[in-house]
Amino acid sequence: MKTVIVGGGAGGIGSAGAVRAADPSGQVVVYTEFEDAAYSPCGIPYVHGKEIPDFERLFLAGKEAYVEAGIDIHYSTRVTGLDLARRVVTVAGEGEVSFDRLILATGFDYADPGVPGSHLEGLYYVKNIRRAMEWDKVLDTTKTAVVVEASPLGLEMVTALPHRGIETHLIDPHPWALAEAADPDIVGPVEDSWAEVGVKMHFNTRLEAFLDDGRGHVRGVRTSEGEIPADLVVVCTKKVPRNDLAEAAGIEIGSTGGIVVDERMATSVSGVYAAGDCIEVPHGVANIPLQGLSGSHAYSQGKVAGTNAGGGRRSYQPVYVPWGMVAGKWMIGGVAFGETLANALGIPHVVGVAEGVSRNRYYPDNKTLRIKLLADPGSLRLIGAQMVGGQGIKERSDFLAMAVKSGATLTDLANLDFAYSPPIGALGEPIVLAAQNALAGLAGKGG
Ligand SMILES: Cc1cc2nc3c(=O)[nH]c(=O)nc-3n(C[C@H](O)[C@H](O)[C@H](O)COP(=O)(O)OP(=O)(O)OC[C@H]3O[C@@H](n4cnc5c(N)ncnc54)[C@H](O)[C@@H]3O)c2cc1C
């Protein structure tokens, strides 16, 4: 059996390994437009910020590892068409290539800002590691940069650039950073910490144009609030699925623009699977389709697609989207909904908030942690959470995702059995305090 995979990112590489495991004697061919596969794009902002000393560390495996594993990766090679009836893909420079099973893991592009000047030099779209290595040299001489949009990548780049001594401006059309996912009280401390290092934030501000210096290089941006001069613009617009091939081949595309798949990652066409940022999957609480999640989702979906394409059985479950990241001098994170998103979707909820610490107060370097729990008003089942703190955000996000998934209630969390030792926790676990505060608030209202 021959499986062709289009895409060498987390979805494609996850798929390739899983096909090999499920069908050791089968042939696996991967196509990627990039010069490399199996590197972590997630680490790029931290090399730019000098937290990670070099790009070489971001490579997870050498090219020879794939040869040894029997995975035939064609680098710098573009697939230009799919003929699903004849079971062939058209590959630039190779012609038609047949397949028995096809996996699409074509990933994402950053949304086109849709303003004049998008052809100019000096616009940086952070993705390919080779380009990132070149851009890193540019950062050595950059004096002023504009980051367009406070997306997750935008937050990382706004955090990284001041570490290089670069005057950094952030423009975003929303009233606060990461406004589509995070609540203002969660990102407030992050914005304060950016202000401390001189970041200039321009919220409620629309990008109108990239400005030409007369030699084809960007000299700044024009916004709804005026011009900002800059020698570099980092475009961190939201991720959009890259589905031109799938769409042209007649594969069903969903309301988000992502490929529709079932729990086996099978598309609407028999023998064709898809994984990663090019697909949409259901949200575990709201049962709405979600698209463009994270590298960890893409990799897990790839494992499912590859196993099934290779003749095994594996299924993917709805997602609860635990998330966490460093922004400014804080860590922020959560699961499912914050208040802003729940309100926007019309999801009824009660809230419990607590301020706690993630180490005992007397232990050096203890950090405060603000946590907010959202629960269904009737059943008191947890439906979301958000946090800002200095330690333990990822672990709490992951735990709370499991709590949402398993139907834990505020009462369960208020009576949680938790670990304590001064360097790693406090006697008052913030999750417990927030749940107790929510219950006390309800009791106060006669609930
Ligand atoms: C700078 C950066 C930071 C990130 N940080 C995080 C993080 O902190 N945590 C996290 O979980 N995730 C992170 N991600 C992951 C990211 O957000 C995505 O979720 C992830 O990259 C999706 O993987 P994918 O394989 O679906 O798609 P992509 O990574 O977009 O890969 C798509 C692949 O398809 C190939 N391709 C597309 N079309 C064709 C074609 N026609 N022919 C041949 N090849 C084609 C491309 O060459 C590429 O190899 C980060 C990504 C970037 C770029």
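Our structure is the block above this text.
We now turn to the structure provided with this report. None of these values were measured; they are calculated from a predicted model.

### Some thoughts on the overall build of the protein
When its secondary structure is counted, the protein shows 12 helices and 26 strands. In summary, the protein has a C-alpha radius of gyration of 23 Å against a globular reference of 22 Å for 447 residues, a match within 12%. Principal axes of the C-alpha set define a box for the protein whose edges measure 70 × 55 × 40 Å. Long-range pairs, those at least 24 residues apart, make up 63% of the contacts in the protein with a sequence separation of at least 6. In the protein, the 38 positive side-chain charges and the 52 negative ones have mean positions that sit 3 Å from each other.

### Some points on the environment of Val269
Looking at where Val269 falls in the secondary structure, it is placed in the loop between strand E18 (259-260) and strand E19 (272-274). Counting along the chain gives 167 residues from Val269 to Leu102, while the straight-line C-alpha distance between them is 10.0 Å. Not counting the four nearest positions on each side in its chain, Val269 is found in contact with Leu84 and Ile251.

### A short note on the site of the ligand
Around the ligand sit 34 residues in total, of which Gly11, Val79, Lys127, Lys239 and Asp277 are the nearest. With respect to the ligand, the backbone of Glu33 contributes an N or O atom lying 3.1 Å from an oxygen atom. Taking Gly295, its main chain carries an N or O atom lying 2.9 Å from a nitrogen atom of the ligand. Put simply, the parts of the chain that give the shell around the ligand at least two residues each are helix H1 (10-22), strand E8 (108-110), helix H5 (152-160) and helix H8 (295-309). Counting residues per element, the shell around the ligand draws most heavily on H8, which supplies three residues.

### Observations concerning the packing of aromatic side chains
In the structure shown here, the tally under the stated rule is four aromatic pairs. Geometrically, the ring pair formed by Tyr110 and Tyr125 is tilted, given 6.5 Å between the ring centres and 35° between the ring planes. Here Tyr110, found in strand E8, pairs with Tyr125, found in the loop between strand E9 (123-124) and helix H4 (129-141); they are 15 residues apart in sequence, far enough to count as distant. The class of Tyr110 is buried, set by a relative accessible area of 15%. For Tyr125, a relative accessible area of 31% translates into the label partly exposed. Each member of the aromatic cluster is reached from another via a ring pair, and the members are Phe108, Tyr110 and Tyr125. Between Lys63 and the ring centre of Tyr75, over which it is positioned, the NZ or CZ distance is 4.2 Å. We note Lys239 situated over the ring of Phe108; from NZ or CZ to the ring centre the distance is 5.1 Å.

### So, the pattern of salt bridges
In the structure shown here, the tally under the stated rule is 27 salt bridges. Close ionic contact of Asp365 with Arg359 constitutes a salt bridge, the shortest N to O distance being 3.8 Å. A network of salt bridges, in which partner residues are shared, links Asp183, Asp185, Glu339, Glu355, Arg370 and Lys372.

### Description of the packing of H1 against H8
In the contact formed by H1 and H8, the axes pass within 6 Å of each other and the chain directions differ by 30°. Here H8 runs roughly parallel to H1, going by the angle between their axes. Every pair of crossing elements has a handedness; the one defined by H1 and H8 is right-handed. Counting all contacts with H1, which are made through Ala10, Gly11, Gly14, Ser15, Gly17, Ala18, Val19 and Ala22, the residues of H8 involved are Gly295, Ala298, Tyr299, Gly302, Lys303, Ala305, Gly306, Thr307 and Ala309. By residue class, the composition of the contact of H1 with H8 is eight nonpolar, eight polar and one charged.

### A word on unusual backbone geometry
A positive phi angle, near 55°, is found at Arg87, a position not held by glycine. On the secondary structure map, Arg87 appears in the loop between strand E4 (79-83) and strand E5 (88-91). Taking relative accessible area as the criterion, Arg87 reaches 24% and is therefore assigned partly exposed. Phi at Asn287 takes a positive value of approximately 55°, unusual for a residue other than glycine. Mapped onto the secondary structure, Asn287 falls in the loop between strand E20 (279-282) and strand E21 (289-291).

### A short note on the pairing of E20
With two bridges joining them, E18 and E20 adopt parallel strand pairing. The residue of E20 that forms the bridge with Val260 is Glu280. For E20 and E21, the ladder comprises three bridges, and the chain directions are antiparallel. Pairing of Pro282 across the sheet is with Pro289, part of E21. Between E20 and E21, which pair antiparallel one after the other, the connecting turn spans six residues, and Asn287 there sits at a positive phi close to 55°.

### Regarding a nonpolar patch on the surface
Among the surface-exposed residues, Tyr362, Tyr363, Phe418, Tyr420 and Leu427 lie close enough to one another that they form a single nonpolar patch of about 520 Å² accessible area. Here Leu427 is to be found in the loop between helix H11 (410-414) and helix H12 (430-444). On the accessibility criterion, Leu427 (64% relative accessible area) is exposed.

Calculation notes
- Residues numbered from 1 in each chain as written.
- Predicted model: local features only at pLDDT ≥ 70, side-chain atom pairs only at ≥ 80, totals over all residues.
- Heavy atoms only, no water.
- Helix = DSSP H or I, 4+ residues; strand = E, 2+ residues; numbered from the N terminus.
- Rg over C-alpha atoms; globule rule 2.2 N^0.38 Å.
- Contact = heavy atoms within 4.5 Å.
- Lys, Arg positive; Asp, Glu negative; His and termini not counted.
- Charge placed at Lys NZ, Arg CZ, Asp CG, Glu CD.
- Near = heavy atom within 4 Å.
- Polar contact = N/O pair within 3.5 Å; in protein donor to acceptor, adjacent residues only side chain to side chain.
- Phe/Tyr/Trp six-rings, centres within 6.5 Å; stacked < 30°, edge-to-face > 60°.
- Buried < 20%, exposed > 50% of the residue type's maximum accessible area, 1.4 Å probe, protein only.
- Lys NZ or Arg CZ within 6 Å of the ring centre and 35° of its normal.
- Salt bridge = Lys/Arg side-chain N within 4 Å of Asp/Glu carboxyl O.
- Axes fitted to C-alpha atoms, helices over the stretch in contact; angles between N-to-C directions.
- Parallel < 35°, antiparallel > 145°, perpendicular 65-115°, else oblique.
- Left-handed = near helix turned anticlockwise from the far one by under 90°.
- Nonpolar A, V, L, I, M, F, W, Y, C, P; charged D, E, K, R; others polar.
- Pairing = 2+ DSSP bridges.
- Patch = residues over 30% accessible without salt bridge, like charges linked within 9 Å, V, L, I, M, F, W, Y side chains within 5 Å.
- Areas by Shrake-Rupley, 256 points an atom, 1.4 Å probe, with all protein chains shown as cover.

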